[in-house]
Amino acid sequence: MATVSIAILGPGGVGGFLAAALARAGTADVTVVAREPTAALIARDGIAVESVRLGDFVARPAAVPQLAATVDVLLVATKAAGLDAALARVDAEPALVVPLLNGLDHVARLRERFGPRAVAGTIRIEADRPQPGRVVQTSRFLFVDVASDDPGPRPRIDALAAALDGAGVPVRIGSSEAQVLWSKLVRLNSLACVTSAYDAPLGKIRDDPERRPVLEACVRETAAVACAAGAAIDPERTLAELGEAHATLGSSMRRDIAAGRPPELDAIAGAVLRAGGRLGVACPTVAELARQIAVRAGVPAPAAA
Ligand SMILES: NC(=O)C1=CN([C@@H]2O[C@H](COP(=O)(O)OP(=O)(O)OC[C@H]3O[C@@H](n4cnc5c(N)ncnc54)[C@H](OP(=O)(O)O)[C@@H]3O)[C@@H](O)[C@H]2O)C=CC1
Ligand SMILES: CC(C)(CO)C(=O)C(=O)O
């Protein structure tokens with residue numbers, strides 16, 4: 001079988017890690033699509049990875065500022081706010097588009113641009129990009145979830161899964177798009193909201209008798225929205241996962257605030273509050289944490305409607 005070609009838009013913590021893993025394994029022809037300086041740097045020096053899962057290595061994917069060649073798969077790994085500008089760098093029509101952003105609203109945006117070739121995807125990883133071309137991956141957990149409600153893209157999803165599995169990144173094919181997106185969002189929204197509002201890692205919140213109930217309420221509210229949206233999410237299971245995660249686990253939202261970058265508050269907590277508003281599920285804890293994060297970060301607080 002021909003090697004699958006994979007382009008990765010946004011070689012940051014997530015995209016840079018996947019590009020480097022795939023390029024090192026040689027399970028795909030990999031090209032990163034990045035802003036000019038980042039593309040030039042990666043083309044020259046490669047991507048240096050420090051990973052608790054894959055070890056330390058340097059990999060050399062191709063890197064371009066504009067994607068002109070047709071590829072089998074486009075993995076989208078920008079932040080929500082950078083998505084539109086980054087999409088302007090894609091001239092080609094990929095056969096399959098898999099976003100790995102946190103949140104929900106980007107899926108509709110990608111469907112506008114790519115139609116049913118855009119499916120749902122999420123990634124569980126803790127990875128940071130301290131500087132362009134360098135990725136630090138710190139979680140023992142690592143896997144990608146993908147689902148398409150339309151059976152058409154399935155062969156290409158399977159080819160992507162084989163390439164990632166072969167590169168040490170396990171892939172699970174989910175039962176529905178809603179299930180994949182919400183099972184990530186319930187966990188992530190709760191983790192991002194509490195770690196960012198309190199500026200503390202998960203362990204410190206879990207062990208604090210005043211803050212632990214807030215984490216639990218956040219999980220329960222977000223799971224109730226998920227269930228109303230058609231995903232079967234058991235909040236007790238999410239709480240058990242958060243109970244087992246390493247104590248130093250933070251969130252990309254908390255790291256963004258610490259680094260003075262705008263957090264994905266609207267894309268994550270905002271998406272939950274809007275869905276809750278639409279579906280008639282009240283989320284007072286999520287709303288209050290989002291308000292506190294907005295004050296800390298100096299950004300507008302998202303609202304239910
Ligand atoms: N980091 C994590 O542990 C996890 C993150 N996520 C989600 O994944 C998504 C990506 O997060 P993360 O990897 O942390 O983000 P980063 O900020 O590390 O990376 C974003 C990347 O997008 C690139 N980018 C921004 N604008 C453009 C543009 N106009 N053209 C091309 N590239 C552009 C950046 O380029 P440049 O390098 O030039 O600045 C950067 O490489 C987010 O939605 C996040 O919530 C999900 C799970 C875990
Ligand atoms: C919580 C985590 C690390 C889990 O995948 C994540 O998705 C994020 O910080 O954006």
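Residues numbered from 1 in each chain as written. Chains lettered and ligands numbered in written order. Predicted model: local features only at pLDDT ≥ 70, side-chain atom pairs only at ≥ 80, totals over all residues. Heavy atoms only, no water.

- Looking at an unreviewed UniProt entry, one finds the protein named 2-dehydropantoate 2-reductase, with Conexibacter woesei as its source organism.
- A UniProt comment under Catalytic activity (unreviewed entry) is attached to the protein, and it reads "(R)-pantoate + NADP(+) = 2-dehydropantoate + NADPH + H(+)".
- Under Pathway (unreviewed entry), UniProt gives the following word-for-word description of the protein: "Cofactor biosynthesis; (R)-pantothenate biosynthesis; (R)-pantoate from 3-methyl-2-oxobutanoate: step 2/2." (UniProt positions renumbered as here; feature names shortened; annotations may be inferred.)

**Things to note about the overall build of the protein**
Right, so step 1: Summing up its helical and strand segments, the protein has 12 helices and 12 strands in all.
Right, so step 2: Expected size for 305 residues packed as a compact globule is a radius of gyration near 19 Å; at 18 Å, the protein falls within 12% of this value.
Right, so step 3: C-alpha extents for the protein along the principal axes are approximately 55 × 35 × 30 Å.
Right, so step 4: Within the protein, the fraction of its 305 residues that count as buried is 54%. (Helix = DSSP H or I, 4+ residues; strand = E, 2+ residues; numbered from the N terminus. Rg over C-alpha atoms; globule rule 2.2 N^0.38 Å. Buried < 20%, exposed > 50% of the residue type's maximum accessible area, 1.4 Å probe, protein only.)

**Focus: the layout of surface pockets**
Right, so step 1: What the second largest pocket holds in volume is close to 340 Å³.
Right, so step 2: In terms of lining residues, the second largest pocket is bounded by 16 residues, among which Arg124, Arg172, Ser183, Arg237 and Glu241 are the most central.
Right, so step 3: Of all the secondary-structure elements, those providing two or more residues to the lining of the second largest pocket are strand S11 (143–147), strand S12 (171–173), helix H6 (177–198) and helix H9 (235–244).
Right, so step 4: If one sorts the elements of the lining of the second largest pocket by residue count, H6 sits on top with four residues.
Right, so step 5: Each residue belonging to the lining of the second largest pocket can be placed in one class, and the counts come to five nonpolar, four polar and seven charged.
Right, so step 6: When residues of the lining of the second largest pocket are sorted by domain, at least three fall in each of domain 1 (4–174) and domain 2 (178–297). (1 Å grid on protein atoms, 1.4 Å probe; cavity = no way out; pocket = protein on both sides within 12 Å on 5 of 7 lines; lining within 4 Å. Points joined across faces, edges and corners; volume = space filled by probe spheres on them. Nonpolar A, V, L, I, M, F, W, Y, C, P; charged D, E, K, R; others polar. Domains from an automatic or database assignment.)

**Focus on the site of ligand 2**
Right, so step 1: For ligand 2, the full set of nearby residues is Asn102, Ile123, Arg124, Ile125, Phe141, Lys184, Arg187, Leu188, Leu191, Ser251 and Ser252.
Right, so step 2: Here an oxygen atom of ligand 2 and a side-chain polar atom of Asn102 are 2.8 Å apart.
Right, so step 3: Within the side chain of Ser252, an N or O atom sits 2.7 Å from an oxygen atom of ligand 2.
Right, so step 4: Mapped onto the shell around ligand 2, the elements with two or more residues apiece are strand S8 (120–124) and H6.
Right, so step 5: It is H6 that contributes the most residues to the shell around ligand 2, four residues altogether.
Right, so step 6: Grouping the constituent residues of the shell around ligand 2 by class yields five nonpolar, three polar and three charged.
Right, so step 7: Among the domains, domain 1 (4–174) and domain 2 (178–297) are the pair contributing at least three residues each to the shell around ligand 2. (Near = heavy atom within 4 Å. Polar contact = N/O pair within 3.5 Å; in protein donor to acceptor, adjacent residues only side chain to side chain.)

**Quick look at the packing of aromatic side chains**
Right, so step 1: Counted under the stated rule, the structure contains zero aromatic pairs.
Right, so step 2: Across the ring face of Phe141, the terminal group of Arg187 is positioned such that the distance to the ring centre comes to 4.8 Å.
Right, so step 3: In this arrangement the basic side chain of Arg211 is found over the ring face of Tyr198, its NZ or CZ atom lying 4.1 Å from the centre. (Phe/Tyr/Trp six-rings, centres within 6.5 Å; stacked < 30°, edge-to-face > 60°. Lys NZ or Arg CZ within 6 Å of the ring centre and 35° of its normal.)

**Notes on the site of ligand 1**
Right, so step 1: Near ligand 1 you find 26 residues, and of these Thr38, Asn102, Ala127, Arg129 and Glu264 are the closest.
Right, so step 2: The side chain of Thr38 places a nitrogen or oxygen atom 2.6 Å from an oxygen atom of ligand 1.
Right, so step 3: Taking Arg129, its side chain carries an N or O atom lying 2.5 Å from an oxygen atom of ligand 1.
Right, so step 4: About the coverage of ligand 1: the protein hides 91% of its 900 Å² of free accessible area.
Right, so step 5: Counting only elements with at least two residues in the shell around ligand 1, the list comes to helix H1 (13–25), helix H3 (83–87), strand S9 (127–131) and helix H10 (252–258).
Right, so step 6: Grouping the amino acids of the shell around ligand 1 by side-chain chemistry returns 11 nonpolar, seven polar and eight charged.
Right, so step 7: The residue makeup of the shell around ligand 1 includes at least three contributed by each of domain 1 (4–174) and domain 2 (178–297). (Areas by Shrake-Rupley, 256 points an atom, 1.4 Å probe, with all protein chains shown as cover.)

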